[in-house]
Amino acid sequence: MSGILKTVDLKKYFKVGRNRFLHAVDGVNIEIAEGATLGVVGESGCGKSTLGRLVLGLLSATSGETYYDGVNIYSCGREEMASCRRNMQIIFQDPYSSLNPRMSVYELISEPLVMNRACENRKERLARVVELMETVGLAQRFINSYPHEMDGGRRQRIGVARALALKPQFIVCDEPVSALDVSIQAQILNLLMDMQEEMKLTYMFITHDLSVVKHISNEIVVMYLGQCVERAESKELFKNPKHPYTQALLSAIPQPIPGRFQRDKLLRGEVSDPIDPEPGCRFAKRCRHSMPKCSTGPIKLKEGGNKHFVACLLYD
Amino acid sequence: MPDHAAFLTPAAGAGLKLKKKSRAKEVWRRFKKNRTAMAGLFIFALIMLVVIFADMIVSHNTAISQKIRDRFISPGTQGHIFGTDNFGRDIMARIVHGSRNSLLVGLGAVACGIMIGGLLGAAAGFYGGITDSAIIRTMDTVMCIPLMLLVLSIVAALGASLVNVLIAMMIANVPHYTRIVRAAVLSVVGQDYIEAAKACGTPNSWIIIKHVIPNAIGPIIVQATTAVGIMIINAAGISFLGMGIQPPTPEWGAMLNEAKNYMINYPYTVIFPGLSIGLTALSLNLMGDGLRDALDPKLKD
Amino acid sequence: MENQGFNQPKNGQDTARAVLELRGLEAVYETDDGIVRAVNGINFSIAERETIGLVGETGAGKTTTALSILRLLPERTGRIPSGQILYKGQDLLKKSEDEMRLIRGACISMIFQDPMTALNPILTVGDQILESLEVHNAENRTHGELESRVDELLSLVGISPGRKKEYPHQFSGGMKQRIVIAIALACEPLLLIADEPTTALDVTIQAQVLVLMDELRDKLGTSMIMITHDLGVVANTCDKVAIMYAGEIVEYGSVHDIFENGTHHPYTTGLFQAIPNMKEDVRRLHPIEGLMPDPSDLPSGCKFHPRCPKRFDECNDGRPYLYERGGHRIFCNLFREGFDS
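Residues numbered from 1 in each chain as written. Chains lettered and ligands numbered in written order. Predicted model: local features only at pLDDT ≥ 70, side-chain atom pairs only at ≥ 80, totals over all residues.

Caption draft 1: Just the overall build of chain B, in detail. The secondary structure content of chain B amounts to 14 helices and zero strands. The helix and strand sequence of chain B, counted from the amino end, reads α-α-α-α-α-α-α-α-α-α-α-α-α-α. If one aligns the C-alpha atoms of chain B with their principal axes, the spans along those axes are about 85 × 50 × 30 Å. Out of the 301 residues belonging to chain B, those deemed buried represent 40%. (Helix = DSSP H or I, 4+ residues; strand = E, 2+ residues; numbered from the N terminus. Buried ≥ 20, exposed ≤ 12 C-beta atoms within 10 Å, placed from the backbone.)

Here it is in structure tokens:
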């Protein structure tokens, strides 16, 4: 099984002051097999969105590489980059700010087609837009509508149609459903899964919501402050969460079962900014199992069998 | 591609009409609905007619020939509808012929200022970083010099003439518009749809034209329309100092300046040129507001 | 004449100690496009120390209900054409604006969704808490007394009083929400309305804030209206639940009625099926087909019938049947007696 997308020790530091750096993504290695879905989970500030933009080449990396179909996207030529762009797309979180309010649905969906000269003439382009609208379940009567005339679910369908316009192979879904209502959320998730089956798409699914990612992912990566702390197949991760942070995340999700939170499992403190972080485990300050040796040196992801990787000294 | 062609069967394509071409029509339709904007357009159209047919309305000679005997004739008497000024020149003739010069200075300075300032501001806002710093610091430096002083020194260097006043005012305006456009662009650049466009391979130039400018244009239009009146007054100030339009060439601002000494006894000498400037500024302002609303699909109907 | 007995809570012990009672509340927005019917005749009551959860999706009228209670609907468009809002037996809709100002904050206070915008960025957090104390300082307490009350409040929500001289931007999102809670609780209101208090927060922080609110409620004896779209949050914090759809309460009951009992309104069932289940292993989700109706053009009959998988002709007009079993109320024709489905 060879990955269609692979990152090697990917790092992105943002300068936030004189000689101070925010380690948004710090040495992340991921690999996504063709046709699979990788879930990237973490709280705000963990670098998951930055990671998504890095693998698409929308941001340049501080160091490390991303290979798409064997091509290093940071050092390839313009031609190769253009073809990568065509094969890699993104669906944004907020269907309200990701659509230009002054463009009609037709203009929005046809933009990628025009820009990449994917259709020979207008008639063909119109046919393709209509086809795409049909695919994502948008009625044709909306073709001249503007985004503000539509609700969140329909807007997100436009976003999906745009992403699919160039027949990509790989799509980064950056929290595609977190701005939507529950019933609409399920519609969009089902749509994404149907699209994947039909077109053999590969997804990188970024979210803060473990319950959403459980359904759609084959493999899940849990991130904390720019680093990957745990990686496992979806079922394995939910059955047997190893890293104390993953455990805390799972127990913090309010379940629709009457009762009160288990107070003893609550995490202390809050997520801090990864600005010039100290060596060692970045979660140590909030961890109930933290030991003195947790803050001595870098902690590597180690496999504990069953393709289950965890970066924690508890499992050494 | 055959599969796409197959899609355009009458069933799929029937009843499907794209409004693509009618964008301008759509804007015009919404503009028409706005009564105040239409009033502005009407006044402005009248002013433009006067500009174009000035020579047919009254001869240029009437506007500049002086008859000291006929000083300060009240409006409506002896064939002078707006009366005469301190040199006995017919005020209406001067207003009709002054319209060309005044509008040229007002509209010209603002339009060129916006064009150059807009490009600089858009580049600064869109690219950020060093480009931004370089442009904005330069503009701030220029802004430090008082507007009048800057204009005067440029006119002094180039020589006194209408065209040179225009150039000077344009240069003096650029920093202002750079600032406004940059602020408007910055508010747009942070939006996700800019990134979405980048992700589907849209080149930067197209992003600026298609995504940034249409969304940033509202405040710029409003600023520009109010600025025209101010520009006419500023040009008058320069004429007053003897650096701008040379007498006896008629120009609204210059007329105001000449008349201000007689304002108490012969108020009509200031009222008519003042009214002309005011009406021009008002009409443009009403049109500007209407245009801003008409361009925004969110305010549709 | 409206709501002939529908939705009406059983009079008697249920309303005797009610802190707040809504009777047939309607709220509309008069916009240029027509009248938007945001809340269409809802009834519920909150007893002392009780938490009621208002659950629903965008446009269900949850926030409008909350704003109506505080009479904070936008002045130009919002109107309450009928209904009563009884706070300890007094109708808030008959109060003058000055009287309302004293009630807001001191008797009923509200927590908004976004802690980032609810705090003034140029005042220290201590000053902002102090401000709400000073506005309602009926007992003429001295400045020193108020200051010590600020310290007390900050430690109550788990922030060191030493930080009261800091500005909002120096706090993280969860901490800001704690400060907002401190301000809301400053005057020990009898009723706290929390409008999606944790939606903008991360999961682990959400859990902390919810536990804190729970503790404070027990300690101070405050009643609470919890507005949320998250069924999990409701299950973990509320005693009673009202499921709202298109400005109406379609189902009302205790948490056990809603989360454990098998009899439900089809909309409630749909909501539960739509949320990804952590326990079960199904790949496809079951969304509710269709969309929320346009509140300026509501369907006749049961508002949910165009989307309802179990609809039948009777649902098209008239009010749906009220099913009631021991405080559990469902508005649905499915439960009409003599009807076999």
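Caption draft 2: A look at the overall build of chain C. Each helix and strand in chain C was counted, giving 11 helices and 13 strands. Scaling as 2.2 N^0.38, a compact globule of 341 residues should have a C-alpha radius of gyration of about 20 Å, and chain C matches this with 21 Å. With respect to the principal axes defined by its C-alpha atoms, chain C has extents near 70 × 50 × 45 Å. Looking at chain C as a whole, 45% of its 341 residues are labelled buried. (Rg over C-alpha atoms; globule rule 2.2 N^0.38 Å.)

Caption draft 3: Just the nonpolar core, in detail. Counting 244 residues, the largest nonpolar core has Ile109(A), Ala161(A), Met169(B), Ala182(C) and Ile225(C) as its most contacted members. Beyond its immediate stretch of four places on either side in the chain, Met169(B) contacts Val105(B), Ala109(B), Val151(B), Met231(B), Asn234(B) and Ala235(B). (Core = buried A, V, L, I, M, F, W, Y, C linked by C-beta atoms within 7 Å. Contact = placed C-beta atoms within 7 Å.)

Caption draft 4: The sheet that holds strand S11 (residues 248-254) of chain C, seen in detail. All names here are of chain C. Within the open sheet, the eight strands sit side by side as S7-S8-S9-S3-S10-S11-S13-S12. Their pairing is mixed. The outermost strands of the open sheet, each flanked by one partner alone, are strand S7 (108-111) and strand S12 (322-325). When strand polarity is set aside, the average angle formed by the axes of neighbouring strands in this sheet is 15 degrees. Of the strand pairs in this sheet, strand S10 (residues 240-245) and S11 are connected by six bridges, and their pairing is antiparallel. When the sheet's bridge partners are listed, Tyr 245 is paired in S11 with Glu 248. (Pairing = 2+ DSSP bridges. Axes fitted to C-alpha atoms, helices over the stretch in contact; angles between N-to-C directions.)

Caption draft 5: Main features of the pairing of strand S11 (residues 227-233) of chain A. Residues and elements named next belong to chain A. The buried fraction of S11 is high, at six of seven residues. In terms of strand pairing, strand S10 (residues 219-224) meets S11 through six bridges, oriented antiparallel. Bridge pairing in S11 links Val 221 to Arg 231. In sequence, S10 turns back onto S11 through a hairpin of two residues, with Leu 225 there showing a positive phi of about 45 degrees.

Caption draft 6: Seen up close, the arrangement of the chains. If you rank the two pairs of chains in contact by how many contacts each has, first place goes to chains A and C. When C-alpha atoms are compared, chain B and chain C, though not in contact, are closest at a spacing of 10 Å.

Caption draft 7: Representation of the interface of chain B and chain A in the model. Facing 26 residues of chain B, the contacting portion of chain A comprises 35 residues. Residue assignment for the side of chain B that touches chain A shows that the elements contributing at least two residues are helix H1 (2-7), helix H11 (192-199) and helix H12 (204-240) of chain B. Per-element accounting of the side of chain B that touches chain A gives the leading share, seven residues, to H11(B).

Caption draft 8: Up close: the interface of chain A and chain C. Contact with chain A, which involves 35 residues of that partner, is made by 40 residues of chain C. Among the secondary structure elements, those contributing two or more residues to the side of chain A that touches chain C are helix H6 (182-199), helix H7 (210-216) and helix H9 (244-252) of chain A. Here the element with the most residues in the side of chain A that touches chain C is H6(A); it accounts for eight residues. In terms of residue class, the side of chain A that touches chain C is made up of 17 nonpolar, 11 polar and seven charged. (Nonpolar A, V, L, I, M, F, W, Y, C, P; charged D, E, K, R; others polar.)

Caption draft 9: Spatial organisation of the packing of helix H5 (residues 152-164) of chain A against H6(A). Residues and elements named next belong to chain A. Orientation of H5 relative to H6, taken along the N-to-C sense of each, is 15 degrees, at an axis distance of 10 Å. Comparing the axis directions of H5 and H6 gives the class roughly parallel. Where H5 crosses over H6, the two elements pack in a sense that is right-handed. Within the contact between the two elements, H5 uses Gly 152, Gly 153, Gln 156, Val 160 and Leu 164 and H6 uses Ile 184, Gln 187, Ile 188, Leu 191 and Met 195. Classifying every residue of the contact of H5 with H6 gives six nonpolar, four polar and no charged. (Parallel < 35°, antiparallel > 145°, perpendicular 65-115°, else oblique. Left-handed = near helix turned anticlockwise from the far one by under 90°.)

Caption draft 10: Summary view of H5(A). All names here are of chain A. Here H5 spans 18 Å end to end across 13 residues, near enough to the 18 Å set by a 1.5 Å rise per residue. Of all 13 residues that make up H5, 12 are buried, and the element is covered over most of its length. Those residues of H5 not exposed but buried are Gly 153, Arg 154, Arg 155, Gln 156, Arg 157, Ile 158, Gly 159, Val 160, Ala 161, Arg 162, Ala 163 and Leu 164. Packed against the buried residues of H5 are strand S7 (88-91), helix H3 (105-115), helix H4 (122-135), strand S8 (170-174) and H6. (Expected span 1.5 Å × (residues − 1).)

Caption draft 11: Inspection of the sheet that holds strand S4 (residues 37-41) of chain A at higher detail. Residues and elements named next belong to chain A. Reading across from one edge, S7-S8-S9-S4-S10-S11-S13-S12 is the order of the eight strands in this open sheet, with mixed pairing throughout. Each edge of the sheet is formed by a strand with only one pairing partner; in this case those strands are S7 and strand S12 (302-303). Relative to S10, S4 runs parallel, the two being bridged by four bridges. Paired with Gly 39 across the two strands is Ile 220, which belongs to S10.

Caption draft 12: Here's a closer look at the packing of helix H4 (residues 35-52) of chain B against helix H7 (residues 91-127) of chain B. Residue and element names in this part refer to chain B. Where H4 contacts H7, the axes come no closer than 8 Å and their chain directions differ by 105 degrees. Taken together, the axes of H4 and H7 lie roughly perpendicular to each other. Listed contacts from H7 to Ile 47, Val 50 and Val 51 of H4 are Val 96, Ser 99, Arg 100 and Leu 103. In the contact of H4 with H7, the residues fall into five nonpolar, one polar and one charged.

Caption draft 13: Representation of unusual backbone geometry in the model. Unlike most non-glycine residues, Lys200(A) shows phi in positive territory, near 55 degrees. Secondary-structure assignment places Lys200(A) in the loop between H6 and strand S9 (202-207). By C-beta crowding, Lys200(A) is classed as exposed, having 10 other C-beta atoms within 10 Å. You will see that Ala246(C), though not glycine, has its phi angle at about 50 degrees, which is positive. Take Ala246(C): it is sitting in the loop between S10 and S11.

Caption draft 14: Examining the environment of Leu298(C) more closely. Residues and elements named next belong to chain C. Within the fold, Leu 298 resides in the loop between helix H11 (266-274) and S12. The spacing of Leu 298 and Val 36 is 262 residues in sequence and 9.0 Å in space, taken between C-alpha atoms. Contacts of Leu 298, omitting those with residues within four sequence positions, involve Arg 37, Ala 246, Pro 293 and Lys 303.

Caption draft 15: Spotlight on the pairing of strand S1 (residues 3-17) of chain A. Residues and elements named next belong to chain A. Pairing analysis gives three bridges linking S1 to strand S3 (residues 31-33), with the strands arranged antiparallel. Note that in S3 the partner of Gly 3 across the bridge is Ala 33. In the sheet, S1 pairs with strand S2 (residues 20-28) via seven bridges, with the strands oriented antiparallel. Looking across to S2, one finds that Gly 17 is bridged to Arg 20. A loop of two residues connects S1 with S2, the two strands running antiparallel in sequence, and Asn 19 in this loop sits at a positive phi of about 55 degrees.

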